[in-house]
Amino acid sequence: MIWHTADLREGAERARLLAGSPAKQLLHCAWEIEHGAFWTAPANDLWRRVSCDLAREFLAAGGERVLALGTCAEYDPLAPSALAAVRLVAPITPYGQAKASLHEELGRICGPRLIWARLFHLYGPGEDRRRLVPSLIDAAREGRPAEVRAAGLIRDFASSAHVARALVGLMDSGATGAFDIGSGQSRSLGALARIIAEAAGRPDLLRLSHTPGPQDPAELTPHFAALAAVSGLKPEHPLQALTEHVRREIGAA
């Protein structure tokens, strides 16, 4: 494997990467990711424009397929989120709006050569310690109360390894169109927190309450069946995957 470093926001850097490249498939994941700040960052619109340029330039250089990352934040957060095949795209944040706009624009640029992968909730090595899963692990490890203030919300958390397998499976499948990416095994945040606390050996530190914000959907889960149908990917069970992740994190401390 050969790694190249470049700033994709710079046209000359993109041109350097694509010059003479034999690559036929592009998996585009770059974006603004600073914890909390990405929701409203001005860079969201910049990345939308840059991503369109990258796709055009890649196809012009002989590329054949583009897989780009979307987000569950493209969906209307207050609409019912049962596992329906068709859901309303109506984002309320600048981040979600930029991603939804990018999907439309890439559709025009790439046509059937586009795969749009809407990521739901992830966890994995190296993530910001303020995010839900690492913050609960750290609390348990340090002997502090592990608090979840919206324990009744239903979410789907998938490991980064599972998400990587999903993306590779989509690329290898020859599929086209938009797909939700998740574990396929949703749980309440309270149930997920309980798995973490028990895996860390500190269930006594768990503090659950339910005071969600007005814009927090009661349920936000992916339509997993479409992904499984084209890629053959099996659901990832949180009890096993999350338990293993917590134990690795605790052991590495």
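To be clear, the structure that these remarks concern was listed above.
All of these numbers come straight from a predicted model, not from anything done at the bench.

Undergrad: Which residues make up the overall build of the protein chain, and what values do they have?
TA: If you tally the helices and strands in the protein chain, you get eight helices and 11 strands. Here the C-alpha radius of gyration of the protein chain, 19 Å, is about what a compact globule of 253 residues would show, namely 18 Å. The principal-axis extent of the C-alpha atoms belonging to the protein chain is close to 60 × 40 × 40 Å. Residues classed as buried in the protein chain amount to 44% of the 253 residues present. Contacts in the protein chain between residues far apart in sequence, at least 24 positions, make up 79% of those at least 6 positions apart. About 12,600 Å² of surface is accessible on the protein chain, with carbon and sulfur atoms providing 56% of the total. Distance from the positive charge centre (28 side chains) to the negative charge centre (28 side chains) of the protein chain: 2 Å.

Undergrad: Give me the lowdown on the sheet that holds strand β8 (residues 177-181), citing residues and values where you can.
TA: Reading across from one edge, β1-β2-β3-β8 is the order of the four strands in this open sheet, with parallel pairing throughout. The sheet is open, and its two edges are formed by β1 (25-28) and β8, each paired on a single side. Here the average twist between neighbouring strands, direction ignored, is 20°. Each of β1 and β2 (65-71) touches helix α2 (residues 43-60); the most contacted strand, β1, lies at about 170° to it. Together, β2, β3 (114-119) and β8 form the strand contacts of helix α3 (residues 94-110), whose direction differs from that of β3 by roughly 165°.

Undergrad: Give a description of the pattern of salt bridges that names residues and reports values.
TA: For the coordinates displayed, the defined rule picks out 19 salt bridges. With its nearest N and O atoms 3.3 Å apart, the salt bridge here joins Glu13 to Arg16. Placement of the pair is Glu13 and Arg16 together in helix α1 (residues 11-18), with a separation of three residues, close to one helical turn. A residue is classified by how much of its surface remains accessible, and Arg16, at 42% relative accessible area, is partly exposed. Members of the salt-bridge network, linked through shared partners, are Arg14, Asp53, Arg56 and Glu57.

What counts and how
- Residues numbered from 1 in each chain as written.
- Predicted model: local features only at pLDDT ≥ 70, side-chain atom pairs only at ≥ 80, totals over all residues.
- Heavy atoms only, no water.
- Helix = DSSP H or I, 4+ residues; strand = E, 2+ residues; numbered from the N terminus.
- Rg over C-alpha atoms; globule rule 2.2 N^0.38 Å.
- Buried < 20%, exposed > 50% of the residue type's maximum accessible area, 1.4 Å probe, protein only.
- Contact = heavy atoms within 4.5 Å.
- Areas by Shrake-Rupley, 256 points an atom, 1.4 Å probe, with all protein chains shown as cover.
- Lys, Arg positive; Asp, Glu negative; His and termini not counted.
- Charge placed at Lys NZ, Arg CZ, Asp CG, Glu CD.
- Pairing = 2+ DSSP bridges.
- Axes fitted to C-alpha atoms, helices over the stretch in contact; angles between N-to-C directions.
- Salt bridge = Lys/Arg side-chain N within 4 Å of Asp/Glu carboxyl O.

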